[in-house]
Amino acid sequence: MQAVETELRPPGQETDVDLHIVAFCCHFCAYAAADLAGALRVQSPPTVRVVKLPCTGKVDVLLLLGALEHGADGVMVAGCLEGDCHYQRGNLHARQRVERVQALIGQIGLEPERVRMFNMSSGMGQAWADAVAEMDAQIRALGPSPLRPTAPDGLDSLIDHIDTTDQEGGDAQVRACSARPPSSASPGRPES
């Protein structure tokens, strides 16, 4: 996994509230769409920190809750278009997990809208920018998370932990993708 921070600020962007949104993005589509948006110089809010995953199927409930616990005001999961997952059903499993987290945080009084799933293909750079702007606007309307810890480095520590465990082969918090990787016999699909 690889973390990337957006540093461009659109004109007129509010800077009075320092919000933190973590975006868990699949390598093949959402991360590529974010990269395309950057290459096209499409402006997007600077509140999003992108974490690249091999597949959104790698996201689990504990990882999403951990991001909120460690200071994220909002969490995006961005994957391939439904029915087009490079790992067959990974994005469908991710959607189920996002819905489960929404239900859990709703039960404790936190707004379920703080965790959302987005789907896009690699050529949809504008869709990425629109999703980020939509998530940013929604989190600004909700305000900072009441779960945000007083230590400002909690979120950075979590993302560093994710990067480290992925390089070392993973742990219980960052599980293997929930589906088999694509075979080389799949037409029109890149090999992993």
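In short, a report on the structure. (Residues numbered from 1 in each chain as written. Predicted model: local features only at pLDDT ≥ 70, side-chain atom pairs only at ≥ 80, totals over all residues. Heavy atoms only, no water.)

1. Some points on the overall build of the protein
1) Next: Counting secondary structure elements, the protein contains five helices and five strands.
2) Next: Across the 192 residues that make up the protein, the buried fraction comes to 44%.
3) Next: The long-range fraction of contacts in the protein, counting pairs at least 24 apart against all pairs at least 6 apart in sequence, stands at 83%.
4) Next: Only carbon and sulfur atoms are counted for the fraction: they give 49% of the accessible area of the protein, which is about 9,300 Å². (Helix = DSSP H or I, 4+ residues; strand = E, 2+ residues; numbered from the N terminus. Buried < 20%, exposed > 50% of the residue type's maximum accessible area, 1.4 Å probe, protein only. Contact = heavy atoms within 4.5 Å. Areas by Shrake-Rupley, 256 points an atom, 1.4 Å probe, with all protein chains shown as cover.)

2. Section: the nonpolar core
1) Next: Membership of the largest hydrophobic core comes to 29 residues, with the highest contact counts inside it found for C25, V48, M76, A78, F118, M120 and W128.
2) Next: Contributions of two or more residues to this core are made by β2 (21-26), α1 (30-39), β3 (48-53), β4 (74-79) and α4 (125-142).
3) Next: When residues of this core are assigned to their parent elements, the largest contribution, six residues, is made by α4.
4) Next: Every residue in contact with M120, bar those within four places of it in the chain, is listed here: C29, A30, A33, A78, G79, C80, L81, A127, W128 and A131.
5) Next: In terms of nonpolar packing, the next biggest core, distinct from the first, is built from 23 residues, L63, V77, L110 and L155 among them. (Core = buried A, V, L, I, M, F, W, Y, C linked by side-chain atoms within 4.5 Å.)

3. Looking at the side chain of R114
1) Next: Of note, R114 is situated in the loop between α3 (90-107) and β5 (115-119).
2) Next: Look at R114 and you get buried, because its relative accessible area is 0%.
3) Next: A distance of 2.8 Å separates a polar side-chain atom of R114 from the backbone oxygen of D73.
4) Next: Ignoring sequence-local partners within four residues, the contact set of R114 consists of D73, G74, V75, M135, I139, L142, G143, P144, S145 and P146. (Polar contact = N/O pair within 3.5 Å; in protein donor to acceptor, adjacent residues only side chain to side chain.)

4. Brief notes about the pairing of β3
1) Next: The buried count for β3 comes to six of six residues, which makes it a mostly enclosed element.
2) Next: Both faces of β3 are covered, namely the face carrying V48, V50 and K52 and the face carrying R49, V51 and L53.
3) Next: Where β2 and β3 come together, six bridges link them in parallel fashion. From the neighbouring strand, C25 faces β3, where its bridge partner is K52.
4) Next: Each parallel crossover has a hand, and for β2 linked through α1 to β3 it is right-handed. (Pairing = 2+ DSSP bridges. Right-handed = clockwise from strand over helix to strand, strands pointing away.)

5. Describing the pairing of β4
1) Next: Along β4, six of the six residues are buried, which leaves the element largely enclosed by surrounding structure.
2) Next: Bridge count between β2 and β4: five bridges; the pairing is parallel. Looking at the pairing, I21 lines up with G74 of β4.
3) Next: Pairing geometry for β4 and β5, over five bridges, is parallel. Paired with M76 across the bridge in β5 is R116.
4) Next: With α3 bridging β4 and its parallel neighbour β5, the resulting β-α-β unit is right-handed.

6. A look at the pattern of salt bridges
1) Next: Applying the stated criterion across every chain, the model contains five salt bridges.
2) Next: Close ionic contact of R95 with E82 constitutes a salt bridge, the shortest N to O distance being 2.6 Å. Taken together, the residues R95 in helix α3 and E82 in the loop between β4 and α3 connect sequence positions 13 residues apart.
3) Next: A residue is classified by how much of its surface remains accessible, and R95, at 24% relative accessible area, is partly exposed.
4) Next: For E82, a relative accessible area of 46% corresponds to the partly exposed category.
5) Next: Between E134 and R116 there is a salt bridge; the shortest N-O distance is 2.5 Å. In this pair, E134 sits in helix α4 while R116 sits in strand β5, placing the two residues 18 residues apart along the sequence. (Salt bridge = Lys/Arg side-chain N within 4 Å of Asp/Glu carboxyl O.)

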